[in-house]
Structure formats: C-alpha cells, structure tokens
Amino acid sequence: MNGSNAQAAQRVKTLRGLLEHHNRQYYVLDAPEITDAEYDALFRELQELEATHPELDDPNSPTRRVGGGVAQAFASRPHRLRMYSLDNALTGEEWTAFLERLGRVLPAREFSFWADPKFDGLALEVIYEDGRFVSALTRGDGETGEDVTGNMRTVRNLPLDIRDHAAKAKLPVPRILEVRGEVVITKKDFRALNEAQDEAGAKVFANPRNAAAGSIRQLDSAVTASRPLKFFAYGIGVTEWPLGDPWPTQRAVMEGLSKLGFTIAEQGRAVDAAGVEALYARLEQDRDSLPFEIDGMVVKLDRLDWQREAGFTARAPRWAVAWKFPPRQARTVLKRIDVQVGRTGVLTPVAMLDPVSLAGVTVSRATLHNEDEIRAKDLRAGDTVVVQRAGDVIPEVVGPVLELRPQDAEEYVFPQTCPSCHEPVKRLEGEAAWRCLNLSCPAMLKGSIIFFVSKAGLDIEGVGKRWIEILVERGMVKSPADLFGLTAEDLLELDRMGEKLAGNFVASIAQAREKATLARLIGALGIRQVGTQTARTLAAHFDDLDAVGAASAEELQDLPDIGPEVAASIRAFFDNPANHELLARFKAIGLWPRRAAVEAALGGPKPLAGKRFLFTGSLEGLTRNKAESMVEALGGVVAGSVSKKLDYLVVGQDPGSKLDKARALGVQVLSQDDFERLARGETLSS
Ligand code: IVH
C-alpha cells in the first residue's frame, strides 16, 4: 500500500468509528452531540472515500445503513441452533403448573428467574463473528429462516461492530455470538408512520407488529431504512468465547448484551418464584404506558446450566414460559359492511358493529382493510363476531363465531361499482385495494377538498368537514379553487347557515389565501407520497409551484428525502392537465405563495427570516399548527428535530425531551411570550 492509500484507509477507519459513535448517541442514547449537517458532512466524506477506494469496502460501513440494494427474494438458511417457540400460561394456575413441572424435572432446588416483557413484533437472530455483524435470519419455522442481513443493517439501534463495546466492558470478543430478539416499532413511531403513510396516500398498517414485520420482509432495503425499527435483544443462540463462557445466568446474558451495545427492555427483572405473580400483575397494569406493544411476560429460569439440564420438548423449552395477558376481546354483532372511498380513490371496507365495550373503550366500527381480509375471515352481515383490542386502541375484528351464524347470512361480495359515483371500480395488479378511478368522483372530491382545508393542508379554520360535504353534494364546489369564489349570499342558500357563520366562512377562506405559504399549499394539494416534510423540502428549494412543476424527476431526486417513487408521483401530478387548470386558477385568484426567501425580497415584514424554530410542549391559545404557520409566514423555517442548526426552541407547558437536548447543545430556548415578541418584530432583551 502506498502512502496516500494508507492515509485513506486510516481516514476511512476514523470516519466509520465517528459515524457509528454518533449513530449510537442519536438512536440508542437519544443524546446527539453533533448537528445533522455535521453528521452529513462526515457521512459524505466517507461516501466519497469509499467510492474512490473500492478496496476499502466494508458491508458494515455506516454508509450501508441507508439501504439501497433491492433483493429479488430472501434466501432461506438454517439456524445453527433451533429457535424454539414458547409454551403459554394463560392463568395463575397454569403458571403454578409450569413451576410444579419444573420442580419435577429439576428436583430439590430453589429457582430464580429472569422475567421480561413478551414483545409483539418479529422474532429474529443476528449473528456476529469476531465482533462484527455478519448476518440476520428471521425465526421462520424455527429450523430455517429468511436471510434479512441487508435490511437489519439499516436498523439503527443494532450495533454492527461490538469490539469497542467489549473492550470497554472488559469482555473478550466472542468468536461467534448469536443474539436473539424481536424487531418492533414503538406505538408513538407507529402512529407517526401511519399518519405519514396516510398523508402521502400510501398504505397504512393494521398494527405495529405488521408494520415491523412488513418493513423487515421488504425487498427494497431503502424502504426498510426509512422505517423506525428497533431491535430488542432477549437471549442468545450459539456463542463461542475465546477464554470460557463469561455468562452463567440469563441475568448475566442480559447485562452482557446491554454492555455490548444491544438494546434490552428496561422492564426486565431478576425475580424468585414467589415474586413472579406480583411482577406479572404490575407489568399488565403498566402495559398501556409502555412505549411498545407487549402481550405477556416471559419467565426464564435464570441459571443456564439448569436450563440445559431441563432441555426442550418437541416444541418449546421446559425452562421458560410465556405468561400471556388475557385477551381484551368481546362478542358483538356485525350489522353490515360499509365501504368508504378515500381521497385517493381507495375503497376501504368498514365493519359496522353493535356498540360494545372493550377494556374501557366503546367500539362501534373497525376497519376491515380490504377484500382479501374479509374473504380470509369469511365475515358476513348478521354474524356474531369476536372483536379485540390488540395492544393499542385500534380495534380489530378477529373473526365470526360460526355456531351463531344466521341461516340466511350471505357471503360478502365486494362492490364492483363505486358506492359514491357508481362507476366501475378496478383492482390494480399487485394491489390489495379496489380503487375508483373516476377523477370527478364526489367521494374523492370531498376527500381531497376536506384534506385541502385540513390541518395537513391550508388549515382553514371554521370550514368543517360537514360543510364541505354539503357544498360538494350541492354541486357548489367542484374543485378546491371553487372555495375562493364562494360568497356569503351563496352560502346563505344552505340549510342552517346563518349570516354570521357565512361571514366567518368567507373571511377564513380569504385569510387562508393571504396567509398560505408555499409549503402549506404544496402539502394541501394531496400529491401522493408527499407529506408535510416533503412539502417543506420542496418549498425550501423552489421559488413557486411553477418551478416545482418544471423540475425533472432527476432534479427532484437530488433533494433530501426524495427517492424515485416520490419524484415520479410529483411528476405525475404536474403532468396531469386537470392539475394545470387547478394551478392556473390558484394563480388567477392570487393564491400563489412563493418561497420564503423570495417573499422576503418582495417586501412585507419577515421578522423571522431564515431562522429555524422548533416547538415543544403545549402553547397557550395557540395550536402547534398555527404556531408553525406563523413561523413560515414570517419567513422562518420549522425544523424537524433538535440540532445545533436550530436557532430557537420554543417551550410551552410540559415540554418533552427536546428541551434537554436543546440545552445540551446550547440552543436558545424561548418562552411563548418571547416567541410572540420576536414574531411582532420586537427584539428580546437578554
Ligand atoms: S425467549 C426458547 N423472550 O415469543 C425460546 N421470547 O412464543 C426463548 N418473544 O418467537 C424465547 N418476547 O420471539 C423470549 N422477551 C422474550 C420474548 C420472546 C417475545 C417471542 C419469541 C418467540 C415467541 C414464542
């Protein structure tokens, strides 16, 4: 190796170390030490070096964490040690029975256990050789799993190299270490993911487990990389240590894995036989407040030598049991199946139920997702059905109680015409959904106009969903642009519309036209795959909608967060002649915001020009959305997270962890008062 190559190799090594360190600070410890921009600069430097020095390639380089490879299919591979299932205990008696059985298998001793939450995610094994991550296999049938190595590499809290951790923990580096655990999506991340999917007109997931499993069993690793997945370790498979096994108990395993950089559930506890029941009761009580979904508690014998002595049945270990929580289920009658048409034309079947109380929540409807789901469960109107709340609040129809099926219950046939416009519907190849493709379908029109005025759109206050439905039904509004031509006299023709309401309605719409920012207007168009964040990205780079419409797919893909699919969707929107007409009308009525910087140059006071703001906690008399619009309208930028690039964190009641981060990074913290003063163009006295 010549001098410059050795130098490059050294720099590559340093950069990889730095990036992994900052990755961990951000994703595992939630305590970033550098700004996104600083991280990006290091990342890009490494990418460039790797491009010019292909000999330094490493599959575990942090640059590989963003995914990119698209697989044809997953290879099937055997587990070195079978991944067993667990026997369940459903009641206290069954727990006691487990304990007695264990006493017969291992007579005359005092047991202690390790208990941790039973995660409701996707079971998986990650394998390390000489301290480096080499592969990942799903549990599969226990004997063989699917090789999902490339996708697991994108899971940011998974350590790809445990050698430094081992050195710090004074542990030898294992020759082989197989770590078993579960990939999950937290409830909070799940809600945000589904909101973003919905906003972007993409598929929403039924529950966090499906979202996690679907994200891992996904052939495009860039998609996996974009999902908020977390790996929680709960045990080990094969291990080979250079000097003898340092982990004699399950407790030592868990503490050791944590020291090696793996995330473990903080609810895990060592407990003796007498304490298990109380721990179970507590975990069940805390269930709803845990960040991720769980469906029980797993209790494992602590000593690994005794585990080996007890061994396995055909299916499960004799030394562990999953003590499940009782299901939150109830029976009720499925009155009928309604079909709703969303703004993207997707037909969604909904179960209309006799209201039933389920763990404190009254359930009267539940989404049935699509035709296949109804067929698989064979649901029929009139059926008595079992409904459940899995972990979260989202109710689900489990299936019919066949013994109670009425004689005359007919098999459900999915409608072949749109329930709104009665045009034929289509099921596109490879999709589970039926769609209405009629661009002037009233249901789609209602949906898209409701979206246009909603919080995700222009956020026009006082223009409610019900009024939009009426206006569309009466033919008074056929496009979002029609809203701006409505007069108070027009509105007064409607039932229950008074002078005052009509006046407010027209005034709000006029105000929205004045105040609309480019980011909000782009978001309001409801372009598929373009949510709030992408709209902001576009609005920061283009001067106005004409400029966005003139950009090629390649130019669009040069922007952060925009991949080929999103770029294609943006192009499709602007290539559609019906949309040209819509935009021309917006321009004619003066709904034509420009990029904040351009607006500033054109005049009008922009006291927040160029400043980056973020909000935490609740504000008084001001919604988060309103505050963000204010920032944008006054020339500022709303940031996505706390970093050193942030100029101000505005703090309301009950601020979250953003406040600690901002303080740690030395970001200026403002009260709501200070913020409002800045917005009025006043200066802050320090
Ligand atoms: S230990 C020998 N611990 O439950 C089996 N499993 O019903 C040892 N699971 O597919 C498994 N959380 O993936 C264990 N804290 C936990 C768990 C857990 C979830 C899953 C596991 C397995 C399934 C068995």
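Here, the structure is the one placed above.
Quantities reported herein were computed from a predicted structural model and do not represent experimental measurements.

Asker: Any chance you could explain the packing of helix 13 (residues 442–453) against helix 14 (residues 465–473) here in plain terms?
Answerer: Helix-helix packing: each pair is described by the crossing angle between the helix axes and the interaxial distance. Axis separation between helix 13 and helix 14 bottoms out at 9 Å; the angle between their running directions is 140°. With respect to each other, helix 13 and helix 14 are oriented oblique. At the point where helix 13 passes helix 14, the crossing takes the right-handed sense. Contacts between helix 13 and helix 14 involve Pro442, Leu445, Lys446, Ile449, Ile450 and Val453 on the former and, on the latter, Lys465, Ile468, Glu469, Val472 and Glu473.

Asker: Is there a simple way to think about empty space enclosed by the protein in this case?
Answerer: Regions of empty space are outlined by a rolling probe, equal in size to a water molecule, passed over the atoms. Per the counting criterion, the structure on display carries one cavity of 30 Å³ or more. Here the largest cavity defines a volume of roughly 30 Å³. Broken down by class, the residue content of the lining of the largest cavity amounts to four nonpolar, no polar and three charged.

Asker: Sorry if this is basic, but what is going on with the site of the ligand here?
Answerer: Around the ligand lies a shell of 13 residues, among which Asp116, Pro117, Glu182, Tyr234 and Lys300 are the nearest. A distance of 2.8 Å separates an oxygen atom of the ligand from a polar side-chain atom of Glu182. About the coverage of the ligand: the protein hides 89% of its 530 Å² of free accessible area. When residues of the shell around the ligand are traced back to their parent elements, those giving at least two are strand 3 (112–119) and strand 10 (294–301). Here the residues of the shell around the ligand sort into eight nonpolar, no polar and five charged.

Asker: Would you mind going over the environment of Gly666 with me for this structure?
Answerer: You can see Gly666 is positioned in the loop between helix 25 (658–665) and strand 22 (668–671). By relative accessible area, which is 61% here, Gly666 ends up exposed. A sequence separation of 111 residues divides Gly666 from Glu555, and the C-alpha atoms of the two residues are 36 Å apart.

Asker: Quick question: what am I supposed to make of the environment of Leu646 here?
Answerer: By the secondary structure assignment, Leu646 is in the loop between strand 20 (637–638) and strand 21 (648–651). In sequence terms Leu646 and Leu665 are 19 residues apart; their C-alpha atoms lie 9.5 Å from each other. Those residues in contact with Leu646 that sit more than four places away from it in its chain are Arg612, Phe613, Leu614, Ala639 and Val667.

Asker: Help me understand the packing of aromatic side chains in this model?
Answerer: By convention here, two paired aromatic rings are described through the distance between centres and the angle between planes. For the coordinates displayed, the defined rule picks out 25 aromatic pairs. Look at Tyr39 and Phe43: their rings are 6.2 Å apart centre to centre, the planes differ by 25°, and that puts the pair in the stacked class. You can see Tyr39 and its partner Phe43 sitting in helix 2 (residues 36–52), four residues apart, about one turn around the helix. Taking the centre distance of 4.0 Å and the plane angle of 20° together, the rings of Tyr84 and Phe312 count as stacked. You can see Tyr84 sitting in the loop between strand 1 (76–78) and strand 2 (88–89) and its partner Phe312 sitting in the loop between helix 11 (304–310) and strand 11 (320–324), a full 228 residues away along the chain. Through pairs of rings, three or more aromatic residues link up here, namely Trp95, Phe98, Phe111, Phe113, Tyr280, Trp306, Trp323 and Phe325. A cation over an aromatic ring shows up here: Arg109 above the ring of Trp306, its NZ or CZ 4.9 Å from the ring centre. Over the face of the ring belonging to Phe451 we find Arg343, whose NZ or CZ atom lies 3.9 Å from the ring centre.

Asker: Just checking my understanding: could you explain the sheet that holds strand 10 for this structure?
Answerer: The strands that make up a sheet are held in pairs by hydrogen bonds between backbone atoms, and each pair lies either parallel or antiparallel. The mixed open sheet is built from five strands, whose spatial order is 2-11-10-3-9. Here the strands that pair on one side only, and so sit at the sheet edges, are strand 2 and strand 9 (269–272). When strand 10 meets strand 11, the two strands line up antiparallel, connected through five bridges. Note that in strand 11 the partner of Val298 across the bridge is Ala322. Sheet strands touched by helix 3 (residues 92–105): strand 2, strand 3, strand 10 and strand 11. Its angle to strand 11, the strand with the most contacts, is close to 175°. Across the sheet, helix 10 (residues 276–286) lies against strand 3, strand 9, strand 10 and strand 11, angled at about 160° from strand 10, the strand it touches most.

Asker: Even after reading the chapter, I still don't get the pairing of strand 14 (residues 361–367), so can you show me in this structure?
Answerer: For a regular strand, side-chain orientation follows a simple rule: the groups alternate between the two sheet faces. In this sheet, strand 14 lies alongside strand 13 (residues 347–358) in antiparallel orientation, the contact comprising six bridges. Along strand 14, the bridge assignment pairs Val356 with Val363.

Asker: So what exactly am I meant to see when it comes to the environment of Gln329 here?
Answerer: Here Gln329 shows up in strand 12 (residues 329–341). With a relative accessible area of 38%, Gln329 lands in the partly exposed category. Taking the C-alpha atoms as reference, Gln329 lies 47 Å from Leu491; in sequence the two are 162 residues apart. Contact partners of Gln329, with chain neighbours within four places excluded, come to Leu358, Val386, Val387, Gln388 and Val398. Polar contacts involving the side chain of Gln329 include one to the side chain of Gln388, which spans 2.8 Å.

Thresholds applied
- Residues numbered from 1 in each chain as written.
- Predicted model: local features only at pLDDT ≥ 70, side-chain atom pairs only at ≥ 80, totals over all residues.
- Heavy atoms only, no water.
- Axes fitted to C-alpha atoms, helices over the stretch in contact; angles between N-to-C directions.
- Helix = DSSP H or I, 4+ residues; strand = E, 2+ residues; numbered from the N terminus.
- Parallel < 35°, antiparallel > 145°, perpendicular 65-115°, else oblique.
- Left-handed = near helix turned anticlockwise from the far one by under 90°.
- Contact = heavy atoms within 4.5 Å.
- 1 Å grid on protein atoms, 1.4 Å probe; cavity = no way out; pocket = protein on both sides within 12 Å on 5 of 7 lines; lining within 4 Å.
- Points joined across faces, edges and corners; volume = space filled by probe spheres on them.
- Nonpolar A, V, L, I, M, F, W, Y, C, P; charged D, E, K, R; others polar.
- Near = heavy atom within 4 Å.
- Polar contact = N/O pair within 3.5 Å; in protein donor to acceptor, adjacent residues only side chain to side chain.
- Areas by Shrake-Rupley, 256 points an atom, 1.4 Å probe, with all protein chains shown as cover.
- Buried < 20%, exposed > 50% of the residue type's maximum accessible area, 1.4 Å probe, protein only.
- Phe/Tyr/Trp six-rings, centres within 6.5 Å; stacked < 30°, edge-to-face > 60°.
- Lys NZ or Arg CZ within 6 Å of the ring centre and 35° of its normal.
- Pairing = 2+ DSSP bridges.

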